[in-house]
Amino acid sequence: MEKVLIIGTGPAGYTAALYAARADLQPLVIEGMTPGGQLTTTTEVENYPGFEKGIDGTELVQIMRRQVERFGTRFRGGEVVSANFKGAIPSVTLSEGDVIESKTVIIATGASAQYLGLESEQKLRGRGVTACATCDGAFFRNQEVAVIGGGDTAMEEALFLSRLCSKVTVIHRRDHLRASKIMADRAMANPKIAFIWDSVIDEVLDVAKNEVTGLRLRNLKTQAISELKVTGLFLAIGHKPNTDPFKGQLDLNPSGYILTENTRTSAKGVFAAGDVQDHVYRQAVTAAGTGCMAALEAERYLESLGQ
Ligand code: NDP
């Protein structure tokens, strides 16, 4: 039986591992399907303290990994598919069927990009429809692309794509952006970035090519339909917490985020950190902060058991 099982390898999981390992609790970390988490799909991270010139997201998580390995953290590949937090000892089941019991579990599974849910969008995923500019932007060099969303992610994706693509059109369903002023100002000042306001995508078009050739848009104020010729569509409309394996085992909010109090969940010995329990701040540094809190809470819990 494990003492501390950590699920996820973003900044929350790594920070929890760092604190648990330094407390001599020999944590086992389940890496998940996207080792490194969302930071591996971002470009430059400029707002993580300690890196005055910014740092590449993938490099940042690689540093975190080396740091926790130094203190004896163990890693295991695979994905958690279900959990039992109702018994005396929490346990999780991995995709290959192995069951791991642990006195404490720290869930740091993060959140995943949302899609619109259009049939045409799903059909063209990986054929021009993507949710990661960093991963796929290079495929659209010198082409015209669209980004949907009005938040910081949309601005970040649009700015990144403007360096590669000939034109980037941001499509937003309202007439003002949700993004922070600094990001919005940067995107609005970029001559390669255009904006289409008050509009949604009704259909992703492929004109029998089985790859994106354009978008059918609808203006929500006038109901006018128009077409935009693009070869790529980048989704930036928010995220869904990765809590499917824990449904029915923990209290979740209506959007599926784990409800916590100082990282404690509704199940004894089970803690949650990072974006899986935070729909408000969603920053690498806040994820790391809650990872630290979860490890300290787990340590206290183990002490209360007399371990
Ligand atoms: P947000 O939730 O902030 O924004 C999502 C955007 O997508 C909104 O503009 C929303 O519209 C739009 N949207 C949602 N659903 C749909 C839909 N079905 N159809 C069309 N549009 C839709 O998510 P982000 O991922 O942008 O940001 C998440 C958090 O991460 C934020 O706190 C953000 O500040 C932070 N972040 C910070 C960065 C940085 O500082 N470098 C970079 C990236 C993210 P509406 O506005 O109408 O609700």
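Shown above is the structure to which this text applies.
A brief structural summary.

1. Thoughts on the site of the ligand
Surveying the vicinity of the ligand reveals 20 residues, the closest of which are Gly-150, Asp-152, Thr-153, Arg-174 and Arg-178. Contact between the ligand and Asp-152: an oxygen atom at 2.5 Å from a side-chain N or O atom of the residue. At a separation of 2.9 Å, an oxygen atom of the ligand approaches a polar side-chain atom of Arg-173. Top element by residues in the shell around the ligand is helix H5 (residues 152–162). It accounts for three residues. Tallied by class, residues from the shell around the ligand come to five nonpolar, nine polar and six charged. Shared between two domains, the shell around the ligand takes at least three residues from each, and those domains are domain 1 (2–113 + 239–304) and domain 2 (119–235).

2. Describing H5
Burial analysis of H5 places eight of its eleven residues in the buried class, the great majority of the element. Every buried residue of H5 is accounted for by Ala-154, Met-155, Glu-157, Ala-158, Leu-159, Phe-160, Leu-161 and Ser-162. Among the structural elements, helix H4 (133–136), strand E11 (144–148), strand E12 (167–171), helix H6 (181–188), strand E13 (193–196) and strand E17 (232–235) are those in contact with the buried residues of H5.

3. Thoughts on the packing of aromatic side chains
Within the structure shown, the criterion is met by six aromatic pairs. Arranged with centres 6.2 Å apart and planes meeting at 65°, the rings of Tyr-14 and Phe-75 form a pair that is edge-to-face. Within this pair, whereas Tyr-14 is found in helix H1 (residues 11–22), its partner Phe-75 is found in strand E5 (residues 74–76), the two being separated by 61 residues in sequence. Here the aromatic rings of Tyr-48 and Phe-51 are separated by 6.3 Å at their centres, their planes lie at 45°, and the arrangement is tilted.

4. Section: helix H2 (residues 57–69)
In this model, H2 (13 residues) spans 19 Å end to end at C-alpha, consistent with the 18 Å of a helix rising 1.5 Å per residue. All buried positions along H2 are accounted for by Gly-57, Leu-60, Val-61, Met-64 and Val-68. Taken around the axis of H2, the buried residues stretch over an arc of 90°, which confines them to a single face. Against H1, strand E3 (44–45), strand E4 (55–56) and E5 lie the buried residues of H2. Of the residues flanking the start of H2, the one acting as N-cap is Asp-56, its side-chain oxygen 3.1 Å from the backbone nitrogen of Thr-58.

5. Side note on the packing of H1 against H2
In a pair of packed helices, the angle between the axes and the distance between the axes together describe the arrangement. Packing of H1 against H2 brings their axes to within 9 Å, and their N-to-C directions diverge by 20°. In terms of their interaxial angle, H1 and H2 are classed as roughly parallel. Regarding H1 and H2, the two cross each other, and that crossing is left-handed. Between H1 and H2, the residues in contact are Pro-11, Tyr-14, Ala-17 and Leu-18 and Val-61, Met-64, Arg-65, Gln-67 and Val-68, respectively. A class-by-class count of the residues in the contact of H1 with H2 yields seven nonpolar, one polar and one charged.

6. Let's talk about unusual backbone geometry
Positive phi is not limited to glycine here, since Gln-26 has a value of about 40°. Tracing the sequence through the fold places Gln-26 in the loop between H1 and strand E2 (28–30). Here the phi dihedral of Asn-142 falls at roughly 60°; this positive angle occurs in a residue that is not glycine. The exposure class of Asn-142 is exposed, given its relative accessible area of 62%.

7. Describing the state of the cysteines
One pass over the structure, following the stated rule, counts zero disulfides. Cys-165 carries a free sulfur, and the closest cysteine sulfur to it, the one in Cys-132, is 13 Å from it. According to the relative accessible area criterion, Cys-165 is buried, its value standing at 0%.

What counts and what doesn't
- Residues numbered from 1 in each chain as written.
- Predicted model: local features only at pLDDT ≥ 70, side-chain atom pairs only at ≥ 80, totals over all residues.
- Heavy atoms only, no water.
- Near = heavy atom within 4 Å.
- Polar contact = N/O pair within 3.5 Å; in protein donor to acceptor, adjacent residues only side chain to side chain.
- Helix = DSSP H or I, 4+ residues; strand = E, 2+ residues; numbered from the N terminus.
- Nonpolar A, V, L, I, M, F, W, Y, C, P; charged D, E, K, R; others polar.
- Domains from an automatic or database assignment.
- Buried < 20%, exposed > 50% of the residue type's maximum accessible area, 1.4 Å probe, protein only.
- Contact = heavy atoms within 4.5 Å.
- Phe/Tyr/Trp six-rings, centres within 6.5 Å; stacked < 30°, edge-to-face > 60°.
- Expected span 1.5 Å × (residues − 1).
- Arc of directions from axis to C-beta.
- Axes fitted to C-alpha atoms, helices over the stretch in contact; angles between N-to-C directions.
- Parallel < 35°, antiparallel > 145°, perpendicular 65-115°, else oblique.
- Left-handed = near helix turned anticlockwise from the far one by under 90°.
- Disulfide = S-S within 2.5 Å.

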